[in-house]
Amino acid sequence: MLKVYNTLSRNTEEFVPFKPKQIIGMYVCGPTVYGPGHIGHARTYVAFDIIRKYLEYKGYKVKYVVNITDVHDDMIKEANKQGITIFELAGKNIALFMKDLSALGIKKPDVMPRVTEHIKEIIEMVKQLQKKGFAYETNDGVYYSISKFKEYGKLGNVQVKKSVTGTRVETDKYEKENPMDFALWKKSKPGEPSWKSPWGEGRPGWHIECSAMSSKYLGEQFDIHGGAVDLVFPHHENEIAQSEATYGKHPFVKYWMHAGFLNVNGEKMSKSLGNFIIIPELLAKYNPKVFRYFISSLHYRSRIDFNDKAMSIAEKNLEKWNNLIQELLNAQGSGAKEIDSLIENCRKEFVKHMDEDFTLPNAWASLYDFQSKINSLLSERKISMENSEKILAFLKELDSIFGAFSFEKKEAEALPRELMAMVEKRTEFKKRKDYAQADKIRAELLAKGIELFDTPEGVKWRKIQ
Ligand code: AMP
Ligand code: ZN
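Analysis parameters
- Residues numbered from 1 in each chain as written.
- Chains lettered and ligands numbered in written order.
- Predicted model: local features only at pLDDT ≥ 70, side-chain atom pairs only at ≥ 80, totals over all residues.
- Heavy atoms only, no water.
- Axes fitted to C-alpha atoms, helices over the stretch in contact; angles between N-to-C directions.
- Helix = DSSP H or I, 4+ residues; strand = E, 2+ residues; numbered from the N terminus.
- Parallel < 35°, antiparallel > 145°, perpendicular 65-115°, else oblique.
- Left-handed = near helix turned anticlockwise from the far one by under 90°.
- Contact = heavy atoms within 4.5 Å.
- Nonpolar A, V, L, I, M, F, W, Y, C, P; charged D, E, K, R; others polar.
- Salt bridge = Lys/Arg side-chain N within 4 Å of Asp/Glu carboxyl O.
- Buried < 20%, exposed > 50% of the residue type's maximum accessible area, 1.4 Å probe, protein only.
- Donors = N, O, S within 2.8 Å, 3.2 Å for Na, K, Ca; no water.
- Core = buried A, V, L, I, M, F, W, Y, C linked by side-chain atoms within 4.5 Å.

A. Just the packing of helix α10 (residues 339-355) against helix α11 (residues 360-379), in detail. The interhelical angle for the contact between α10 and α11, taken along N-to-C directions, is 165°, at an axis separation of 7 Å. Comparing the axis directions of α10 and α11 gives the class roughly antiparallel. Read as a crossing pair, α10 and α11 show a hand that is left-handed. When α10 is examined against α11, the residues Ile339, Leu342, Ile343, Cys346, Glu349, Phe350, His353 and Met354 are found in contact with a partner set consisting of Leu360, Asn362, Ala363, Ser366, Leu367, Phe370, Lys373, Ile374 and Leu377. When grouped by side-chain class, the residues that make up the contact of α10 with α11 number twelve nonpolar, three polar and two charged.

Written as structure tokens, this is what we have:
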């Protein structure tokens, strides 16, 4: 039974979708495309890609929606700076983002709705909120009155001063009622991108887009809503307030899931600190599979520190898996009876840990245990071709979630010349039946991490991990 940590209840709960036999609705807040995607985005979208793929592995059908925020104050600022429209800016960055997602092995979401293509739905929702008394117009926009929504603060666990009624004087009529009320619609200033609305020319506030677009594609209530932890309050709190007030259905979302934040060298990523890494820079330096492996080795809720040391550890650990795969591709041992049960037990352990709120570090621990058992069997030359096919099929099954391993067969690596000379010398000693000298060389090579095997086709070697 799959269990998921729900930010709303602050508990790990059994995962029971709204409609258990139907498609699961999953929505993750997408990027504001004023610039290329950064490695924080990469963390969150790889983490949710793994979650989506695990749900599919479990047999669920998932409809996955990631929105694109293509109108926003930051977009307007950046477009002005570059002397282009927000549409040109969005076009450029969305194309780059799609390329980055694909390079990171992220399966394309089923729908990636853009705000500027959903203005009609957004206006409709704001109208509904105004009609139901949850929204009011001011001189610069339309605001959501948080004091009208009794449960405001339930997701972020925030105590808010809700009632300021009675303090408003007539001259302030067009001002915000409560400092925490948030904009649903912003009236535009000259030169800003704008759309016609019942409140004049303007553009949507940020939070309303996710309420309007999630209901359009997933319904008024759906199963999973994600994002990184920075969005719990106020963004997701506001989404709940908007959607539950509009549709009168509770809960708007069954499971709220939040990925931990990614920092760089211990600090929050920021352009002014000079530690801001965009995805193309990441990919120029590291194989995307190493990044996926790095992300998949950690719990999706844990805070991540991205640094070269952590990446080089990930690189080494992934190399061990890829070396194992190469050996399996060449295995010609005698055959081991226990392979089926090893695979079965490992799969059971893996699923047990993943079912516990996708606890990847524990899932990997059981996989490492499996790796070490297979390595011992390889050392003993016990893995037959048939065994190796089964193990490789199992690793591929896991990799349908991780997307980190490499299965292409590589040309056998040559030994460095001086080591090759030692191997030849040993063969000479063996021919002369000087086994003491031959064993001495064999031990020397072992100390250098090279294990030798005498086979009917001659001497073979493998690198020891
Ligand atoms: P934004 O482009 O800032 O609106 O963010 C888009 C998505 O990426 C949201 O789900 C954020 O929570 C997530 N996100 C932004 N920055 C980071 C970060 N440094 N680490 C992890 N996730 C992030
Ligand atoms: Zn959102």
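Alright, that's what it looks like, and here's the rest.
B. Geometry of the pattern of salt bridges. Overall, the coordinates contain 32 salt bridges when judged by the stated rule. The shortest N-O distance in the salt bridge between Glu121 and Lys216 comes to 2.8 Å. Taken together, the positions of Glu121 in helix α4 (residues 119-131) and Lys216 in helix α5 (residues 208-218) put the pair 95 residues apart, joining distant regions of the chain. You can call Lys216 partly exposed: its relative accessible area is 43%. Residues Arg442 and Asp454 are paired through a salt bridge, measuring 3.9 Å at the closest nitrogen-oxygen approach. Of this pair, Arg442 sits in helix α14 (residues 435-447) while Asp454 sits in strand β13 (residues 450-455), and the two are twelve residues apart along the sequence. One continuous salt-bridge network, built from bridges that share partners, spans Arg52, Glu56, Lys107 and Asp110.

C. Layout of the coordination of the zinc ion (ligand 2). At the metal site, the zinc ion (ligand 2) is ligated by Cys29 (SG), Cys210 (SG) and His235 (NE2), and these contacts range over 2.0 to 2.2 Å. Within one chain, the residues serving as donors to the zinc ion (ligand 2) are arranged as C-x180-C-x24-H. Residue Cys29 is found in the loop between β3 (24-28) and α1 (39-57), and its partner His235 is found in helix α6 (residues 232-247); the two are separated by 206 residues along the sequence. For the pair Cys29 and His235, one class covers both residues: buried.

D. Spatial organisation of the nonpolar core. Within the largest apolar cluster, 129 residues are counted, with the highest numbers of intra-cluster contacts made by Tyr144, Phe291, Phe306, Phe350, Ile374 and Leu395. Examining the composition of this core, we find that ten residues originate from one element, α1, more than from any other. If sequence neighbours within four positions are ignored, Phe350 has contacts with Tyr54, Tyr57, Ala363, Ser366, Leu367, Leu398, Ile401 and Phe402.

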